Amino acid sequence: MLPLRMLVFLTLMFSLCDADSLCPTDLYPLTLDPPEVIKEYKESVLVNCTSTEEDHEGMYWTVGNKDSPTEYDNSYIQATLSNWDVTAECKIKLNGTHECSKDLKITVYKNPEMVSVFPTRHVPIVEGTPFELQCDIINVAPIQNLTVRWYKHNQVIMNDSFTNTTKTPVNESSTLAINISRDDNGAEFRCEAQLDFGLHGSQPVTSETYTVTVLYAPELKNKTEDVYMNEYNDITLNCDAEGHPPPHFHWTCDGLNISENTNNLNIRQVITSTTCNCTATNHLGSINKLIHVHVIPRGCPLVVTPAEMVVRFGDPASVNCSTDADVQQMGWKTPVGAISTTGPAVIWKVEKLEDWQITPLCYINLKDNYQCSKELTITLYKTPDVVSVSALDDGPMVEGIEYHLKCDIINVAPVQKLKVTWYRNNETVHTEMFNGTSKVPVNVSSTLRVTPVGDYNGAHFICKADLQLGPNGPETDAAVTSSPYMAVLQYADSLCPTDRNPLTLDPPEVIKEYEESVLVNCTSTEDDHDGMYWTVGNKDSPTEYDNSYIQATLSNWDVTAECKIKLNDTHECSKHLKITVYKNPEMVSVFPTRYVPIVEGTPFELQCDIINVAPIQNLTVRWYKNNQAIMNDSFTNTTKTPVSESSTLAINISRDDNGAEFRCEAQLDFGPHGSQPVTSETYTVTVLYAPELKNKTEDVYMNEYNDITLNCDAEGHPPPHFHWTCDGLNILENTNNLNIRQVITSTTCNCTATNNLGSINKQIHVHVIPRGCPLVVTPAEMVVRFGDPASVNCSTDADVQQMGWETPVGATSTTGPAVIWKVEKLEDWQITPLCYINLKDNYQCFKELTITLYKTPDVVSVSALDDGPMVEGIEYHLKCDIINVAPVQKLKVTWYRDNETVHTEVFNGTSTVPVNVSSTLRVTPVGDYNGAHFICKADLQLGPNGPETDPAVTSSPYMAVVHYKPVFKACPGSYAGLEHEFSMDKLSCLADGNPPPILKWKFEGDLINASEHLTRAQSGTYTAEIANDLGTSTTPVVITIEYGASFTCEDRYKVKENENGKLPCEPEGIPKPTITWSKDGKEIVSPQRWTKHDSGNYSLIATNKHGTANHVLHLDVLYAPLIKKGTNNMEVNLGENVTIDCSAEGNPVPEIHWKYSPALNVKNTTWGRQKRISITGATSTNAAVYSCVAINEVGNVTRSVTLTIKGKTSEASSIAIWLLLIILIAALIPIILIILIIVHNRCKKHGQYSFVPDKANDGSELPMTPLSNGVQT
């Protein structure tokens, strides 16, 4: 108990002791001014402490653990607030036992150094997903006074405060949770931090604005739409889907894919109603919009006259197509007779219409781009080549038993218009119409069933085939009638007894090819009969009594043969020979019934055409698929004549049939006597089918960061197009394989395989087995202009311990899951930021950001490396200087001459800092380069991560000055000018060159005065010479100086007979004058050759375009001597006197002399123009040949006379004769002289003389007369 009592006592003692020092409650004398201090850290403070109680023992301050000196009036405190937890208390000592104090309320604060806002997770902001913004307030105190206000578009949306009582500066965060929607896309958020001290609040500090980009799937205002429009108008369909990122658009119209990939689909000239589907897709989803386009028909403003037409095959056809619309072009589209015009009408005309499939189309293009057409309906017809009636049953008709007649209609078209009418005598007994769609000629038949009665015997059955061509056909239907078939009726009472038919045929049946021969023997087991015979057709053979033979060539398709035997007067038996006449097919072909694409699951038929085969009922058609028989086809048609038949194979087509080979084989089947088969060509089927997948889903497992190839094993025909999406994102790959590199996250890829028949999807789930570096750098590569800001996010979904950026500028770190490297101005050329991560399992890795920092050139300029101007043909060098550009390895320099690219250069290197480079252009100039502009463009090829257009700088143009040798541009090769008017400087001769050339003219090597007028003597080849410093060029010009016509001829000319009639006097003048000849006042034609009669006076007129000249001349025609005719042989008696004369004419007058052997009795004398030889008393020595020679300057001629002497006379007689002759000559000389003078004066022809008396004109024409004793003989 003692210790407890001691404790109570001590406590009481201490309490009494403390009570003595307390400040009395009714006496509190201290006042502080100011009573409260709110100051920023490091600021100074001054506080005055005063007392209302003057009687005291002193005042002082206790600041922290330190007391100030005691004062007795007022007590001031002045300090710098450098302690975050500072306390200050003013104290007063009232007396020795009581002390009062007053605490100074001090708040030391610090405004935030920085306020920043950012998302708590650096991931795309998707509508409907949680989204938070964080506001970081850095280095602020005291935190309990901090208020954070959140703003959205400058409107306060939230206030945040803090309860932390820490007084020292700390970093604090405020989080804003937002229920994000697409309406928030583009919203601007910021936060504002302010220390709130009531009326003494600090200045708020505001963050930068954070703009929210909200991603959301596409959304449509209307999911369906109906659009009404006029036919052939253009339309723009709008798919008003909104999404972020902006969606990709895909259009289909009536199931067909359209290549348009924007939100608007432009369709030109819509002609049919259609339904278009727009699919708007981004990686968050897709949405469809159906647009129903309703087309209001416009109609086609064409009138085709006639609208329908019926034409006989091979006849002409003419159809008019007209319009009253505003036409741009119209015409006929047709294989034959196609034509076009600008309207308003166009006629299609064919001289011979021979195309069975023709469908002419009249079309029109209006000026408003509306197009339409109308089809002409044509029925092309052909009447049958043959219409014939034959029996289908053997033997004659039998009363009461049904019999069949067949009507074959050969080569008729169109069969659907055919009507067949049967007549018995003049009575219609049956009518048949035909169906079908064939337009080409076919062979058909009609069967008549007859049950004959007695009066049918001898009746005529007729078949008429007519084409019912309607009101557009000919006035009367085109019809062809068969020849009559006469019925032969066998009555029942003349039948052969059933137990008594003795006939046997050998062979009993005949199967032969058409035109083959047959021999059949008919025998009887009954010897007692009245005869046997054959009935072939309607003819009976002679009656025989043993055997009966038939031998014939099977040239009738419906031949019948029957062997008959007369048993007695009332009974007759017969045996019908079964005859089959056949013809193998001419051709077998296979083709589809419809030429359309063969789609899996749709009906498909092949048709086998067998041409010209008989008999059709024996025909078997076998169908083969890949050489395996799949179907046999036979025919019931009983036609015996050759026809064309078809077999159809219906196939349930599937993709397994793609590439299958089908063929058909036609064979006439006569049991063991079958003919050789005829086979068609092979038809290969191409089957179209929609894509099909073996597996519609697939799971693939792979290691992280490995490459993978996903396979979409869809098969289809035509081969499908492929479209890939992965996690909703469209992939550009369009093949069946998708290659993905360095897969780091699991993904689901969807492959859509599409062809025009459909589409199918395959989902491939890629499961990534994690490892590798779980960092995502966005963007992975970056192209930044020097000095521009840069921001890159590095994020991870791994369990991170720490991550950050290692970089000289903007290095930062965080605990994840994302860290942003941000630089306001990127100016470090060598920077290579590295994003690193340290996982909690101590796994470390990093990813390097590839940055291309670029700078466009400061200057791009072109200069010349060579002195002086360019010279044609000499290499010249231009330099392009590119100053301060980076990176050089991305630089491309392009040289242009005017607008033409002439050189491109790319640069190598590894430098990342700006450098100066140059490009040299080697130019070998030509003249055309003069004045050309050379430009150099430097552009940085920065790839897909760079700006949309490559940054480029272009130099100022460098204008080339090219010196080049002069050349002639236009200079004539020849020219004609007028004398005394033309000079060379008047001739236009254009030249080019630099420096400009000087033109000079030379003639015969000498320089001439180009302004001097030229004369005719100066015609010739002139040389134009142009020259500059680089050379000289010359070109010849033939100058012809023209002048008027003139003569420089003599007045007289001599020519020789038979020489060329060319005038020796030629006029002068250019152009060459034309000459007109006149003789004796009459215009004549210049002779081809001169004759002796052409001598005389001539007048000549010469004319050209510059004038006319006249000249008169005399022409003397010279010709060779001509000796007048005379005797060539003379006979005289011995002793007689002989005279031989020789005369000749010629121009000039010829000289005449004789050649002979001299003798005393021979004299040579001249008689006028004659030369005479006189022989007195001819002797035997005078018998010789005497030659007369006439000569002038033109020629000479010789005539010989042979003198013969006969008989002998006495010498006295000879002397007497000579004397008598001398006397006679002496008497005749005066007479002859007188005659010569008279003749000379009367002679009309120059140099022609005749010594023949007038009476010699009786025909003797002897120029030389032998004389005997002076008497004419």
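Heads up: the structure comes first, above all this text.
Conventions we followed
- Residues numbered from 1 in each chain as written.
- Predicted model: local features only at pLDDT ≥ 70, side-chain atom pairs only at ≥ 80, totals over all residues.
- Heavy atoms only, no water.
- Helix = DSSP H or I, 4+ residues; strand = E, 2+ residues; numbered from the N terminus.
- Rg over C-alpha atoms; globule rule 2.2 N^0.38 Å.
- Buried < 20%, exposed > 50% of the residue type's maximum accessible area, 1.4 Å probe, protein only.
- Contact = heavy atoms within 4.5 Å.
- Areas by Shrake-Rupley, 256 points an atom, 1.4 Å probe, with all protein chains shown as cover.
- Lys, Arg positive; Asp, Glu negative; His and termini not counted.
- Charge placed at Lys NZ, Arg CZ, Asp CG, Glu CD.
- Salt bridge = Lys/Arg side-chain N within 4 Å of Asp/Glu carboxyl O.
- Pairing = 2+ DSSP bridges.
- Axes fitted to C-alpha atoms, helices over the stretch in contact; angles between N-to-C directions.
- Disulfide = S-S within 2.5 Å.
- Core = buried A, V, L, I, M, F, W, Y, C linked by side-chain atoms within 4.5 Å.

Participant: Let's hear about the overall build of the protein chain: which residues, and what values?
Facilitator: Within the protein chain, the regular secondary structure consists of two helices and 112 strands. Relative to its length of 1273 residues, the protein chain is extended, with a C-alpha radius of gyration of 68 Å against a globular reference of 33 Å. Along the three orthogonal principal directions, the C-alpha set of the protein chain runs to about 250 × 140 × 60 Å. The proportion of buried residues among the 1273 residues of the protein chain is 40%. Of the contacts formed within the protein chain by residues at least 6 apart in sequence, a portion of 65% connects residues at least 24 apart. In the structure as shown, the protein chain presents an accessible area of about 69000 Å², 49% of it carried by carbon and sulfur atoms. Looking at the protein chain, you have 95 positive and 152 negative side-chain charges, and the mean spots of the two groups are 14 Å apart.

Participant: If you had to explain the pattern of salt bridges to someone new, which residues and values would you point to?
Facilitator: A pair can form between side chains of opposite charge whenever their charged atoms are brought close. The final tally for this structure, using the stated rule, is 37 salt bridges. The salt bridge involving Lys152 is made with Asp184; its shortest N-O contact spans 2.7 Å. Of this pair, Lys152 sits in strand β12 (residues 146–152) while Asp184 sits in the loop between β14 (170–179) and β15 (188–195), and the two are 32 residues apart along the sequence. Of the residues examined, Lys152 reaches a relative accessible area of 26% and is grouped as partly exposed. In this structure, the salt-bridge partner of Lys583 is Glu586, at a minimum N-O distance of 3.5 Å. Using a relative accessible area of 52% as the deciding quantity, one classes Glu586 as exposed.

Participant: Pulling in residues and values, what's your account of the sheet that holds strand β76 (residues 812–814)?
Facilitator: Read from one edge of the open sheet, four strands run β76-β75-β78-β79, paired in antiparallel fashion. Here the strands that pair on one side only, and so sit at the sheet edges, are β76 and β79 (844–848). On average, each strand axis in the sheet is inclined to that of its neighbour by 15°, with strand direction left out of account.

Participant: Would you mind going over the state of the cysteines in detail, with residue names and values included?
Facilitator: Where two cysteines share a covalent bond between their sulfur atoms, that bond is called a disulfide. The tally for this structure, following the rule as stated, stands at 17 disulfides. The partner cysteine of Cys407 in its disulfide is Cys463, sulfur to sulfur 1.9 Å. An S-S torsion of about -75° defines the bridge between Cys407 and Cys463 as left-handed. Taken together, the residues Cys407 in strand β38 (residues 403–412) and Cys463 in strand β42 (residues 460–467) connect sequence positions 56 residues apart. Judged by relative accessible area, which is 0%, Cys407 ranks as buried. Look at Cys463 and you get buried, because its relative accessible area is 0%. The disulfide that involves Cys712 links it to Cys751, with 2.1 Å between the sulfurs. Taking the torsion about the sulfur-sulfur bond, which here is approximately -90°, the covalent link between Cys712 and Cys751 counts as left-handed.

Participant: Can you break down the nonpolar core residue by residue, with the values?
Facilitator: Residues Leu405, Ile409, Leu418, Val420, Trp422 and Phe461 are the most contacted members of the largest nonpolar core, which totals 29 residues. Here the element with the most residues in this core is β38; it accounts for five residues. Sequence-distant contacts of Leu418, defined by excluding residues within four places in its chain, comprise Ile409, Val412, Glu432, Met433, Phe434, Val444, Ala465, Asp466 and Leu467.

Participant: Just give me the short version of the sheet that holds strand β3 (residues 44–51), but keep the residues and values in it.
Facilitator: Taken together, the three strands give an open sheet; going across it, the order is β1-β3-β6, and neighbouring strands pair in antiparallel fashion. The two strands at the open ends of the sheet, each matched to only one other strand, are β1 (30–33) and β6 (75–80). Taken pair by pair, the neighbouring strands of this sheet meet at an average axis angle of 20°, ignoring direction. In this sheet, β3 lies alongside β1 in antiparallel orientation, the contact comprising four bridges. Paired with Leu32 across the bridge in β3 is Cys49.

That's the geometry; what it means functionally is another story.
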